[in-house]
Every structure is written in structure tokens, then in C-alpha cells.
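Here are the chains, one letter per residue:
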Amino acid sequence: MVCGSFGVCGGCSLKQEDYTAQTELKRAKVKALLEPFYSGDIHVTPSPDKEYFRNKIELSFCRQVVWSEPFCKKKKVLRDKTKPLEFENTFGFRMKGRWDRCVNIENCLLYEPNLSAFVKEVRLWAEREGLSFYDQRAHSGLLRNLILRRGVNTGEGMAVLITTSAFDASGFAEVLGRFYPSYHFLTAVNDGVSDGAGIKDIKVIKGSGVIREKLFESSREIVFEISPQSFFQTNTKAANLIYKKVAAKVSALKPSVMYDLYGGAGSFSLCCAPYVGKSLCVESVPSAVNNGVKNARVNNINNVSFFCSTTEEFLTKQKLGSYNSVIVLDPPRSGVHPAACKTILNSGVENILYISCNPVTLAENLKTLCAKYKVVNAECFDFFPHSDHVETLAELKLK
């Protein structure tokens with residue numbers, strides 16, 4: 001099955017390539033970026049699932065001007081300015097390269113097989129009810145976003161309908177129940193100008209406010225409770241592979257202290273807990289810290305401490321102990337903050353495991369870190385088939 005929106009939708013960018021070619025493109029990209037710091041081979045571990053691999057998606061309702069011809073970055077979209085603007089309602093992923101336009105989903109292969117039919121029914125429901133879609137330019141309209149999350153290893157699911165003000169969502173609940181009868185259903189409000197403004201007034205309409213997911217490490221099952229705003233890697237099966245790999249490396253080191261910086265809800269800390277004396281998990285998002293504390297309790301893990309702080313602020317207050325310790329870095333796409341990078345460089349900690357979702361910023365950080373560290377291994381894990389994104393694990397050792 002081929003999605004009719006490929007090339008226009010921002011969900012995929014490499015769908016035209018066979019999967020082996022995709023992983024080779026990613027390997028070559030990372031190899032070129034890391035060449036100044038690492039001359040060894042780089043292996044790409046493929047995603048266990050090539051289709052329907054995502055455990056979370058965010059769809060947008062969008063009122064937008066009708067374009068008479070397909071968008072192309074190399075030419076302007078021209079219109080007859082003697083005629084009034086025509087508008088259309090779309091519901092799906094953002095158009096590639098646009099913040100103000102969406103593409104109606106057709107035959108999408110990212111989330112799960114029912115998605116395309118469900119999205120069509122939601123669009124029809126909104127039109128029947130005469131509900132307005134959000135206009136990113138005019139900052140008007142009721143329906144704004146829909147978050148879908150699922151526990152790949154538990155079968156649990158959640159839908160969060162985000163609007164600009166509270167309203168009766170019983171009609172949406174009926175549509176959701178036909179396609180995803182076991183899903184928890186929540187509503188939330190975002191009345192800010194930006195989609196990134198955050199949600200508030202979260203209400204549970206059906207079920208509970210969390211779902212569970214499991215990771216498997218050695219003979220253990222690690223349970224995670226995931227709320228609407230929790231961060232969790234979007235490809236559960238691929239993520240489990242990198243968690244296992246990091247846990248194996250930490251197990252071999254057997255450190256007294258593990259510094260889990262940019263730690264999110266503590267996924268690496270919880271996976272590595274049996275192999276460390278203690279882990280200090282540092283995360284700046286309060287909801288993620290709360291999730292981490294709760295997940296440690298759920299799994300009866302008591303050697304992980306959570307700190308709600310930016311990594312750079314934490315490192316100004318907490319001296320990194322260099323004896324028998326390891327640093328695990330899992331920063332956002334922007335990479336490790338320069339101040340934090342400099343502190344880590346001078347810490348004397350012998351081993352660093354750097355997990356990067358952006359090889360460009362990984363290479364930038366290595367320009368600093370490789371003044372005192374050398375990259376002894378680098379490998380990739382494909383979390384995002386059909387896109388140009390790839391996860392990289394770099395192992396650094398003090399020179």
C-alpha cells in the first residue's frame with residue numbers, strides 16, 4: 001500500500017526508497033558527520049517493524065486556503081486576487097515544510113491499520129456537527145489537535161482531543177468507540193496562539209488519565225505509566241533495543257554512580273538500575289519527573305533519584321564524581337547545552353554513553369568533548385523508517 005500524500009505530507013520523506021536503501025542513506029549520513037571523530041564501521045540496527053511502528057501521533061485540524069495546484073517549494077502558489085479566497089477543512093499531519101497547512105490522511109502506514117478510516121470518520125463527524133477547524137493564521141476555530149497513544153506491548157490506548165475551549169465531545173466519543181473501543185478518552189484545552197503553548201484543563205471522559213507500556217531488559221519487565229504529556233520514545237520495539245544495549249554496557253562497567261542527564265521519565269535509569277549503585281536522573285520537565293518518580297515506585301526501584309532541573313543548572317550545583325561513574329546523555333535535537341558540555345569535558349568521568357536523535361548536534365558536541373575523550377564505538381538504531389531521522393549511540397572514553 002502506498003500513501004497518496006507521499007511527498008506532500010510531512011510524515012515520511014524516504015518512502016520511495018526500499019528499506020535497505022533507507023538504512024544505508026542514514027548510515028552514510030552519520031558516518032560522514034562523525035568522520036573527524038570516529039573512523040570505525042557504523043552499523044544500523046533496523047526497526048523491528050517497518051509499518052505501523054509508531055506508538056504516538058499528533059493530528060491537526062486545519063482551516064486553510066484552497067490551493068489550485070500542488071505546493072512546490074521551488075515555485076510560488078499563485079491565485080487570482082480578483083476572486084475571494086476559498087477555504088477547506090483538513091485533518092491529518094502537517095504539510096511538509098508548512099506550519100499553517102495540513103494534509104488529509106489517506107492510507108497512512110505509521111500508526112496502525114484503522115487510522116485512515118478513523119480519521120475520515122472524525123472529519124465527517126466534525127462536518128455534520130458544523131464544528132470549526134483551527135485557522136493557524138487567524139487564530140480562530142474550535143477543533144485543534146488530536147493525540148493518539150498506544151501501548152505496543154500492553155494493548156492499552158488513549159485519545160486526547162484538544163480544542164480552544166471546552167465543549168460537549170460525546171459525538172467524538174461515539175466515533176472513537178467504534179474504532180478503538182478500549183481507548184481511554186480525554187479532552188484538553190489549548191487557547192494559546194501556538195500549538196506548542198501546552199494543554200490545560202485535562203478531563204478524563206472515559207477510562208483513566210494514563211496508559212501503561214512495557215519494556216523488556218534481560219529477564220525483567222519494566223512498566224511505564226504514560227500520561228498525555230509524557231515523553232516516551234515513539235517506536236517502542238526499536239527503543240527497547242537501544243535500552244537493552246545501554247543496559248548491557250552499563251552492566252559491564254558496574255558503576256557506583258550513573259548520571260542520567262536529559263533523563264526524561266527515567267527510562268535509561270530504570271533499565272540500568274540493577275547494574276548501578278545509584279542513578280541521578282536529571283530532567284527539566286516537571287511532568288516527566290513526576291512520571292519518573294511514579295514509574296520507579298511501580299517497578300519497586302529505589303536507587304534512582306530524580307532532579308527537576310536543566311542539565312546545565314544541575315551541573316553548576318552538583319559536582320560530577322569521576323571515580324567509578326558513568327554519564328548517560330540523551331539530549332533533545334538541539335544537543336547538549338554548551339555550558340553542560342564544557343563541565344562534562346572537565347569532569348574526569350571515564351565513560352560517556354551519548355544517545356543522539358540528531359547526528360548534526362552530536363557532531364557539534366563531539367568537537368568539544370573529543371578534546372579529552374575519544375569515540376570508541378558508534379552505532380545507529382532506526383526508530384523512524386521512511387524518514388531521514390536516525391538514533392545514534394556513541395560510546396566515549398577518557399583519553
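It should be noted that the structure appears before, not after, this text.
Residues numbered from 1 in each chain as written. Predicted model: local features only at pLDDT ≥ 70, side-chain atom pairs only at ≥ 80, totals over all residues. Heavy atoms only, no water.

Another aspect to go through is helix α3 (residues 170–179). When α3 is considered as a whole, its buried residues turn out to be F172, V175, L176 and F179. All buried residues of α3 lie within an arc of 100° about the axis, which places them on one face of the element. Turning to α3, the residues buried within the fold contact α2 (115–129), β5 (143–150), β6 (157–163) and β7 (184–189). (Buried < 20%, exposed > 50% of the residue type's maximum accessible area, 1.4 Å probe, protein only. Helix = DSSP H or I, 4+ residues; strand = E, 2+ residues; numbered from the N terminus. Arc of directions from axis to C-beta. Contact = heavy atoms within 4.5 Å.)

Time to look at the side chain of Q64. Of note, Q64 is situated in strand β2 (residues 56–65). In this structure Q64 comes out as buried when scored by relative accessible area, which is 4%. Contact partners of Q64, with chain neighbours within four places excluded, come to E86, F87, E88, T90, D100, R101 and C102.

Let us look at the nonpolar core. Of all hydrophobic cores here, the largest spans 41 residues; its most connected members are V246 and M258. Ranked by residue count, the leading element in this core is helix α4 (residues 236–253), at seven residues. Excluding its chain neighbours within four sequence positions, the residues that come into contact with V246 are F268, C272, L353, I355 and L393. Core analysis: the second largest hydrophobic core is formed by 37 residues, F37, L345, C370 and Y373 among them. (Core = buried A, V, L, I, M, F, W, Y, C linked by side-chain atoms within 4.5 Å.)

With that out of the way, let us pick up the packing of α2 against α3. For any two helices packed against each other, the geometry is given by the interaxial angle and the distance between the axes. The geometry of α2 relative to α3 is characterised by a closest axis approach of 10 Å and an angle of 160° between their N-to-C directions. If you check the angle between α2 and α3, you find them roughly antiparallel. When you trace α2 past α3, the crossing you get is right-handed. Residues A117, F118, E121, V122 and W125 of α2 form the contact with α3, whose participating residues are G171, F172, V175, L176, R178 and F179. A per-class count over the contact of α2 with α3 returns eight nonpolar, one polar and two charged. (Axes fitted to C-alpha atoms, helices over the stretch in contact; angles between N-to-C directions. Parallel < 35°, antiparallel > 145°, perpendicular 65-115°, else oblique. Left-handed = near helix turned anticlockwise from the far one by under 90°. Nonpolar A, V, L, I, M, F, W, Y, C, P; charged D, E, K, R; others polar.)

What follows is about the sheet that holds strand β11 (residues 257–261). Strand order in the open sheet made by the eight strands is β1-β16-β17-β15-β14-β11-β12-β13, with mixed pairing throughout. This sheet does not close on itself; its edge strands, each paired only once, are β1 (43–45) and β13 (304–308). Recorded for the sheet is a direction-independent mean angle of 20° between the axes of neighbouring strands. In this sheet, strand β17 (residues 391–398) lies alongside strand β16 (residues 373–381) in antiparallel orientation, the contact comprising eight bridges. When the bridges of β17 are listed, Y373 appears paired with L398. (Pairing = 2+ DSSP bridges.)

A few words on the pairing of strand β14 (residues 325–329). Buried residues dominate β14, accounting for five of its five residues. Side chains S325, I327 and L329 project from β14 onto one buried face, and the interleaved V326 and V328 project onto a second face that is buried too. Where β11 and β14 come together, five bridges link them in parallel fashion. Paired with M258 across the strands is V326, a residue of β14. Where β14 lies against strand β15 (residues 351–356), four bridges are found, and the strand directions are parallel.

This part is about the packing of aromatic side chains. Going through the model one piece at a time under the given rule, you end up with 12 aromatic pairs. Arranged with centres 5.6 Å apart and planes meeting at 65°, the rings of W125 and F172 form a pair that is edge-to-face. With W125 in helix α2 and F172 in helix α3, this pair connects stretches of sequence that are 47 residues apart. The two residues W125 and F172 agree in class, both being buried. (Phe/Tyr/Trp six-rings, centres within 6.5 Å; stacked < 30°, edge-to-face > 60°.)

Glancing now at the pairing of β15. Within β15, six of the six residues are buried, which leaves the element mostly enclosed by the surrounding structure. Alternating residues of β15 divide into N351, L353 and I355 and I352, Y354 and S356, and every residue in both groups is buried. With helix α8 (residues 338–345) bridging β14 and the parallel β15, this β-α-β connection has right-handed handedness. Taken together, the six bridges between β15 and β17 define a ladder with antiparallel strand orientation. By the bridge assignment, I355 is partnered in β17 with L393. (Right-handed = clockwise from strand over helix to strand, strands pointing away.)

The terminal C-alpha atoms of helix α1 (residues 19–34) lie 23 Å apart, and with 16 residues this matches the ideal 22 Å at 1.5 Å per residue to within 8%. Here α1 has its buried residues at Y19, Q22, T23, K26, V30, K31 and L34. Projection of α1 onto a plane perpendicular to its axis shows the buried side chains occupying an angular sector of 165°, all on one side. Facing away from the buried side of α1 by over 90 degrees, the exposed positions are T20 and A32. Buried residues along α1 sit against β1, α9 (359–369), β16 and β17. For α1, the side-chain oxygen to backbone nitrogen distance between the N-cap and T20 is 3.1 Å, and the N-cap itself is D18. (Expected span 1.5 Å × (residues − 1). Polar contact = N/O pair within 3.5 Å; in protein donor to acceptor, adjacent residues only side chain to side chain.)

The values reported here are purely geometric and, on their own, carry no functional implication.
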